[in-house]
Amino acid sequence: MTTLVTGSRGKVGSALLSLLYERGAAVRAASAAPDKLALPDGLEPVRLALDDPSSFPAALEAVDSVFLYAEPSHIDAFVEAAHTAGVSHIVLLSSSSVLGADAAGDPVAGPHLAVEEALAAGPVATTVLRPGAFAGNALQWARALRTTGVIDLPYPGSYGDPIHERDVAEAALAVLTDPERRGRAYHLTGPESLTFTEQIAILERAAGRAAPIEVRAVTPEQWQESVSAYLPAAFARALLDYWASTDGSPAPLTRTVEELTGRPARTFAEWAQEHADAFRV
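Bear in mind that the values here come from a model prediction, so they are computed numbers and not experimental data.

> How would you sum up the overall build of the protein chain? Please name residues and give values.
Secondary structure summary: the protein chain contains eleven helices and eleven strands in total. Taken over the C-alpha trace, the protein chain has a radius of gyration of 19 Å; the compact-globule value for 281 residues is 19 Å, and the two agree within 12%. Taken along its principal axes, the extent of the C-alpha atoms in the protein chain is 55 × 40 × 35 Å. Out of the 281 residues belonging to the protein chain, those deemed buried represent 48%.

Shown next as structure tokens:
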């Protein structure tokens, strides 16, 4: 029984690879750039680009299960190729954003929802993982914290449910290895609802910074302008709308990580301690 892990260079994919490898499971590491993978001895790499259907058949050969990142561009071709190869189970890394209103029209939720719908309509049994914001998103603040010590935010009081990427990987392991968990959708959250300001304070403590971090409120327009060089306007606007909707409103939490893995989800403070060097001056 071989499991194909797509996105093997990512935080979740690489953690899942290690977990499967440690269990002695047959696993194949898939990436659009397999030559850039750093893998343990005996772990098999293969080229798989989800935007290139010609790479699907070889990657899926003799594969029983797939951990899949949400890429909608050729999802129907991927489902067909997986079915032809004899794949019996796909675990999709989706997003809790699909649970929001007008998910289909949202540039963040829409692609995830499109993949969910394609898999639901296909012949291969599918399990869906829907995490919220990854704790690792905090790394976007690292450069500013190391240089100016100031973070500009349009909604400092917006709440999130940051989840440790390893918790997502362990949840994926649980549903890949327990047939009774197949065919469901799981909403994954971290164990705490935290505002951006609270998250930054946790990073400050973890890094042991002598000078406090300043959180400076800016207008949505100012923030969008500041990210315009690398973030498309539609995505920026979707983020602003989401942050506005959660400003002052604690995020709903689940215990799904604990139910799947048998232990509580890791806190944001644990993640911050592991990555403290990124936020030190």
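> How would you sum up the sheet that holds strand S6 (residues 125-131)? Please name residues and give values.
Strand order in this open sheet of seven strands is S3-S2-S1-S4-S5-S6-S9, and the pairing throughout is parallel. Edge positions in the open sheet fall to strand S3 (44-47) and strand S9 (185-188), since each of these has one partner strand only. Across the sheet, the axes of successive neighbouring strands diverge by a mean angle of 20°, strand direction being ignored. Sheet analysis places strand S2 (residues 26-31) next to S3, joined by four bridges and oriented parallel. Its bridge partner being in S3, Ala-29 is matched across the sheet by Pro-45.

> Tell me what's going on with the pairing of S2, and back it up with residues and numbers.
Across the six residues of S2, five count as buried, placing the element largely inside the fold. Pairing of strand S1 (residues 2-5) with S2, which is carried by four bridges, proceeds in the parallel orientation. Paired with Leu-4 across the two strands is Arg-28, which belongs to S2. With respect to chirality, the unit in which S1 leads through helix H1 (residues 11-22) into the neighbouring parallel S2 is right-handed.

> So what's going on with helix H4 (residues 109-121)? Residues and values would help.
Here H4 contains 13 residues, and its C-alpha end-to-end distance of 18 Å stays within 8% of the 18 Å for a straight helix at 1.5 Å per residue. Among all positions in H4, only Ala-109, Gly-110, His-112, Leu-113, Val-115, Glu-116, Ala-118 and Leu-119 are buried. Residues of H4 that are buried sit in contact with strand S4 (65-69), helix H3 (75-85), strand S5 (89-93) and S6.

> Could you give an account of the nonpolar core, with specific residues and numbers?
Counting 29 residues, the largest nonpolar core has Val-5, Leu-16, Phe-67, Leu-129, Leu-188 and Leu-260 as its most contacted members. Looking at this core, the elements with two or more residues in it are H1, S2, S5, helix H6 (165-177), S9 and helix H10 (256-261). Per-element accounting of this core gives the leading share, eight residues, to H6. The next biggest cluster of nonpolar side chains, apart from the first, holds 27 residues, and it includes Leu-153, Leu-194, Ile-202 and Ala-272.

> Give me the lowdown on the environment of Ser-94, citing residues and values where you can.
As for its placement among the helices and strands, Ser-94 is situated in the loop between S5 and H4. With 39 residues separating them in the primary sequence, Ser-94 and Ala-133 have C-alpha atoms 11 Å apart. Once residues within four sequence positions are removed from consideration, Ser-94 is found in contact with His-112, Glu-116, Val-128, Leu-129, Arg-130 and Pro-131.

> Explain H1 to me, and be specific about the residues and the numbers.
Relative to the 16 Å expected for twelve residues at 1.5 Å per residue, H1 spans 17 Å between its end C-alpha atoms, a close match to the ideal helical length. Each element contacted by the buried residues of H1 is listed here: S1, S2, S4, S5 and H6.

> Give me the lowdown on the pattern of salt bridges, citing residues and values where you can.
Enumeration over the complete set of coordinates arrives at 13 salt bridges. Across the pair Glu-170 and Arg-263 runs a salt bridge whose closest N-O atoms are separated by 2.7 Å. Of this pair, Glu-170 sits in helix H6 while Arg-263 sits in the loop between H10 and helix H11 (268-274), and the two are 93 residues apart along the sequence. The exposure class of Glu-170 is buried, given its relative accessible area of 14%. Three or more residues joined by partner-sharing salt bridges are found here, namely Arg-166, Asp-167, Glu-170, Arg-263 and Arg-266.

Parameters at a glance
- Residues numbered from 1 in each chain as written.
- Predicted model: local features only at pLDDT ≥ 70, side-chain atom pairs only at ≥ 80, totals over all residues.
- Heavy atoms only, no water.
- Helix = DSSP H or I, 4+ residues; strand = E, 2+ residues; numbered from the N terminus.
- Rg over C-alpha atoms; globule rule 2.2 N^0.38 Å.
- Buried < 20%, exposed > 50% of the residue type's maximum accessible area, 1.4 Å probe, protein only.
- Pairing = 2+ DSSP bridges.
- Axes fitted to C-alpha atoms, helices over the stretch in contact; angles between N-to-C directions.
- Right-handed = clockwise from strand over helix to strand, strands pointing away.
- Expected span 1.5 Å × (residues − 1).
- Contact = heavy atoms within 4.5 Å.
- Core = buried A, V, L, I, M, F, W, Y, C linked by side-chain atoms within 4.5 Å.
- Salt bridge = Lys/Arg side-chain N within 4 Å of Asp/Glu carboxyl O.

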